[in-house]
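# Summary of the model geometry
Each chain, letter by letter, is given below.
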Amino acid sequence: MTYIRVRLGALGLAAALASLATPPALAAPAEESTAALTVEEQRLDRAAPQEILRRSGFDAVAPELARALDKVRSYAEAERLVVRQGARLWQRAVDRAQGRGPAGGDLSRDDDRPLYWARLGMTREVRQWEPEFGLTDARRTKLLGALERTSRGQDTIRYPHVKGVERILVTGFDPFTLDRDVRISNPSGATALALDGTVIETADGPARIETALFPVRWQDFSDGTVERTLRPYLPRVDLFTTVSQGRVGRFDVERTNGAWRGGFPDNENLSRTETIPVTDPASQPQWTSTTLPYKEIVAADTGRFPVYDNTEVTEIPAGGTDPVVRPEGPTPGSTAREGGGGDYLSNEIAYRATLLRDRLGLGGSLPGGHVHTPVLQFGTGNTDPATGTVTDPQFVQNRLDIIAQVREIVTVAAGASR
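The shown structure was predicted, so the numbers you read here are calculated from the model rather than taken from an experiment. (Residues numbered from 1 in each chain as written. Predicted model: local features only at pLDDT ≥ 70, side-chain atom pairs only at ≥ 80, totals over all residues. Heavy atoms only, no water.)

### Some remarks on unusual backbone geometry
What you tend to see is this: most non-glycine residues have negative phi, and most peptide bonds are trans. Rules: Numbered from the N terminus, helices here are DSSP runs of H or I no shorter than four residues, and strands are runs of E no shorter than two. Classification of residues uses two cut-offs on accessible area relative to the type maximum, computed with a 1.4 Å probe and protein chains only: under 20% is buried, over 50% is exposed, and between them is partly exposed.
Positive phi outside glycine occurs at T177, with the angle close to 50°. Along the chain, T177 turns up in the loop between β1 (166-173) and α7 (187-195). A residue is classified by how much of its surface remains accessible, and T177, at 9% relative accessible area, is buried. In this structure, N269 takes a positive phi of about 60° despite not being glycine.

This is the structure in structure tokens:
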């Protein structure tokens, strides 16, 4: 995700959203539920999200779930339905991105946004659903959690038992900073959809890629979504990389990750400024490092955008009180304030994933780290969110180029790691 420093906080996000009317097609009438919509769900009624859903055919997803929920007569039945519909949404988004089945409209197949907005339509339905048999808050939360996991591909990571095929795990993120521009797409999410289940040919043979997506929400990370998703697979894969949107016009392989949250608001407009909360904080390091083959990645011709080995961090030196930028990485005994990927959730997923790698005893054998993509930009003349369109040819080409280059970077990394 975009490289955001605390000192850029003046840019801010928009003020809290005003109450939005909920169309009957997407949610039950307000009098049937007292459940408050989340900030993310409230954005769903804006014109751009509705157009994205309509032009991809994903506008039917939430109403379909609503009709199915109306027929449910028990919690167990509801749980099965939510798991089934969430998994179906993920597979539909992957199939669309990879050219299988109908496009559902004229929106480019590589677009990650239909999945994001359709998921929010589904969570809104579950949040406002009031079945006759009653639903406790705890059970509703469990349903929402199941829907989140299944619709993000987090529980469908599968590798075939085939000798000689390397196993690669890649993760991406939802769109974010949506109050600046609700049209935003995230190329890391689009990449995850494009690569899920695909096989690439590396210098040392074939490799299978599996992917998953993560939300841009501090609380989900505090609740352990990264570790819960990755822990079963890291001991079984040959390489992993977390991916997010970073700086304009460049890729970065982030050398060092820091144990600090800088407070930039997430997709719920909530902030967190603190040490990244993990289990066993007494043994928590201030820094973790990539084990990706960054030299080989930087040296390779992977595509249109330059790729950098980014070593810069911001630290409070041992015995000091003020943050200091260190272009060559942290000094001994320092306290983290920004990793190479900043102090937002892109740095945090890199920190959590590499810390998990190390705590599993895989630091010396498993290549893994974080890659920042270029910022996905709209075309010339389409940069004003108030007057711009939801897509344009340059926007699509930028996203396709980023996806293709991530694929090449992963290919180089896999070939160099054997």
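### As for the environment of V325
What counts here: In this description, contact between two residues means that some pair of their heavy atoms is separated by no more than 4.5 Å.
Turning to its location among the elements, V325 is positioned in strand β12 (residues 324-326). The partly exposed category is assigned to V325, whose relative accessible area is 38%. With residues near it in sequence (within four places) discarded, V325 still touches E312, V313 and T314.

### Quick notes on the pairing of strand β4 (residues 239-245)
We count it as follows: For two strands to count as paired, DSSP must find a minimum of two bridges between them.
Burial analysis of β4 places seven of its seven residues in the buried class, the great majority of the element. A two-sided burial pattern is seen for β4, the buried positions comprising L239, T241, V243 and Q245 on one face and F240, T242 and S244 on the other. Relative to β4, β1 runs parallel, the two being bridged by four bridges. The partner of T171 across the bridge, within β4, is T242. When β4 meets strand β14 (residues 368-373), the two strands line up parallel, connected through six bridges. Each residue of the ladder has a partner; that of S244, found in β14, is H372.

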